[in-house]
Amino acid sequence: MKLLAIGLKPDGVIFIGVLLACSRAGLVEKGLQYFESMIKEHGIIPIPDHYTSIIDLYGQAKRLEEARNFINKMPCHPDVVGWATLLSSGRVHGDMEIGKWATDSLIELEPQNPTSYVLLSSLYATKGKWNEVVQLRRGMRDKRVKKEPGYSWIKYKGKVHVFSTDDQSSPFLGQIFAQLEKLNCKMIEEGYIPDMSYVLHDVEESEKIKMINHHSEKLAIAFGLIFVSPDLPIRVIKNLRVYGDCHNATKFHFQDNIERDTSKGCSLVPFV
């Protein structure tokens, strides 16, 4: 570490940044060395954020069994963020067992939080386990757990235009759908493949494509392409996390300008 070279002592916050950097770079062994050094050489007692960083370190590298072993050896149980990190890794890498374990632990901590149900439902859907998806939704209804609907909005000429998935309320619907069709054809020509794993319903392939194409982010972007001047940014705000498929699809059209507030292109901003 450069801090040590110039005589500065790193604190716990610095180590969180270092561990996260190792996670993003795939440097698992290096990250584990820093974690051990933090405790043994610098006398820093780990807090939940440090443990979550190690869970993420293993998760990003698809070493989920090692993540499980690490959690079982921790002096305390992970917090909500730690379990959610493991669940997210389980979903990305298609590990049903790890995903179920993380979900059960999350539900124990926050039984009314819909995030764990949605992520596990997504994992079941990618594996084609539709009976489990139905049971999970039934469980949500029985426990009165409600998933917040996703909305995207865009401001144009002083007015805010709000869109939901498969929205039919806009007076510009015909223009928006025509713009989406045009965009979709162009993206497919350039190699875009819709990610069906984001459709959590057991429906025909054509219906899945339609559902993906009509996500709120895409409706708002299509509106922006129609009405916003080409020399101005299209700034779309969303109340939830941007769908992975929408992020990937938008990159095909705006390339490097996605998620950056630049003089051209599209800025997708999750509203937290």
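Residues numbered from 1 in each chain as written. Predicted model: local features only at pLDDT ≥ 70, side-chain atom pairs only at ≥ 80, totals over all residues. Heavy atoms only, no water.

K.L.:
Please clarify how helix H5 (residues 64–73) should be interpreted in this entry.
P.N.:
Spacing of three or four residues puts side chains on the same side of an α-helix, whose turn is 3.6 residues. Taken together, the buried positions of H5 are occupied by Leu-64, Ala-67, Arg-68, Phe-70 and Ile-71. The buried residues of H5 occupy an angular sector of 160° when the element is viewed end-on, so they sit on one face. Within H5, the exposed residues directed more than 90 degrees away from the buried face are Asn-72 and Lys-73. (Buried < 20%, exposed > 50% of the residue type's maximum accessible area, 1.4 Å probe, protein only. Helix = DSSP H or I, 4+ residues; strand = E, 2+ residues; numbered from the N terminus. Arc of directions from axis to C-beta.)

K.L.:
Please clarify how the nonpolar core should be interpreted in this entry.
P.N.:
Across soluble globular proteins, you tend to see nonpolar side chains buried next to one another. Among the nonpolar cores identified, the biggest contains 24 residues, and Phe-35, Ile-54, Tyr-58, Phe-70, Ile-71, Trp-83 and Leu-86 are the most heavily contacted of them. Those elements that place two or more of their residues in this core are helix H2 (12–25), helix H3 (28–40), helix H4 (48–60), H5, helix H6 (80–92) and helix H7 (96–109). What Tyr-58 contacts, discounting residues up to four positions off in sequence, is Val-28, Leu-32, Arg-63, Leu-64, Glu-66, Ala-67 and Phe-70. (Core = buried A, V, L, I, M, F, W, Y, C linked by side-chain atoms within 4.5 Å. Contact = heavy atoms within 4.5 Å.)

K.L.:
Teacher, can you tell me more about H3 here?
P.N.:
Between its first and last C-alpha, H3 extends 18 Å over 13 residues, near the 18 Å set by a 1.5 Å rise per residue. Every buried residue of H3 is listed here: Val-28, Gly-31, Phe-35, Ser-37 and Met-38. Its buried side turned inward, H3 meets H2, H4 and H5. (Expected span 1.5 Å × (residues − 1).)

K.L.:
Looking at this structure, I do not really get the packing of H6 against helix H8 (residues 114–126). What am I missing?
P.N.:
Between two packed helices, the angle of one axis relative to the other and the distance separating the axes together describe the packing. Running from amino to carboxyl end, H6 crosses H8 at an angle of 15°, the nearest separation of the two axes being 9 Å. Taken together, H6 and H8 sit at an angle that is classed as roughly parallel. The two elements H6 and H8 meet at a crossing, and its hand is left-handed. Together, Leu-87, Gly-90 and Arg-91 of H6 and Ser-116, Leu-119, Leu-120, Ser-122 and Leu-123 of H8 make up the contact between the two elements. Its residues assigned to classes, the contact of H6 with H8 shows 4 nonpolar, 3 polar and 1 charged. (Axes fitted to C-alpha atoms, helices over the stretch in contact; angles between N-to-C directions. Parallel < 35°, antiparallel > 145°, perpendicular 65-115°, else oblique. Left-handed = near helix turned anticlockwise from the far one by under 90°. Nonpolar A, V, L, I, M, F, W, Y, C, P; charged D, E, K, R; others polar.)

K.L.:
Help me understand the packing of aromatic side chains in this model?
P.N.:
Both the distance between ring centres and the angle between the ring planes are used here to describe each pair of aromatic rings. In total, this model carries 11 aromatic pairs according to the counting rule given. A ring pair is formed by Phe-35 and Tyr-51, whose centres lie 6.1 Å apart and whose planes are at 65°; its orientation type is edge-to-face. With Phe-35 in helix H3 and Tyr-51 in helix H4, this residue pair connects regions lying 16 residues apart in the sequence. Each member of the pair, Phe-35 together with Tyr-51, is buried. Taken together, a centroid distance of 6.3 Å and an interplanar angle of 55° make the contact between Tyr-58 and Phe-70 tilted. One end of the pair, Tyr-58, is in helix H4; the other, Phe-70, is in helix H5, with 12 residues separating them in the sequence. Each residue in the set Tyr-156, Phe-163, Phe-172, Phe-223 and Phe-227 is aromatic and connected to the rest through ring pairs, giving one cluster. Directly above the ring of Trp-101 sits Arg-68, whose terminal nitrogen or CZ lies 5.4 Å from the centroid. (Phe/Tyr/Trp six-rings, centres within 6.5 Å; stacked < 30°, edge-to-face > 60°. Lys NZ or Arg CZ within 6 Å of the ring centre and 35° of its normal.)

K.L.:
It is not clear to me how the packing of H8 against helix H9 (residues 130–142) should be interpreted in this structure. Could you clarify?
P.N.:
The interhelical angle for the contact between H8 and H9, taken along N-to-C directions, is 165°, at an axis separation of 8 Å. Of the possible angle classes, the one that applies to H8 and H9 is roughly antiparallel. The two elements H8 and H9 meet at a crossing, and its hand is left-handed. When H8 is examined against H9, the residues Pro-114, Tyr-117, Leu-120, Ser-121, Tyr-124 and Ala-125 are found in contact with a partner set consisting of Trp-130, Glu-132, Val-133, Leu-136, Arg-137 and Met-140. Taken together, the residues that form the contact of H8 with H9 break down as 9 nonpolar, 1 polar and 2 charged.

K.L.:
When you look at the pattern of salt bridges in this model, what are you seeing that I'm missing?
P.N.:
Where charged atoms from two side chains of opposite charge approach closely, those side chains can pair. Counting across every chain of the model gives 7 salt bridges. Residues Glu-66 and Arg-63 are paired through a salt bridge, measuring 2.7 Å at the closest nitrogen-oxygen approach. Using a relative accessible area of 32% as the deciding quantity, one classes Glu-66 as partly exposed. For Arg-68, the salt bridge identified is with Glu-65, shortest N-O distance 2.9 Å. Here the residue Arg-68 and the residue Glu-65 both occupy positions in helix H5, the gap between them amounting to 3 residues, near one helical turn. For Arg-68, a relative accessible area of 15% gives the class buried. Shared partners join several salt bridges into a network, and the residues in it are Glu-29, Arg-63 and Glu-66. (Salt bridge = Lys/Arg side-chain N within 4 Å of Asp/Glu carboxyl O.)

From the geometry alone we can't say anything about function, so treat these as descriptive.
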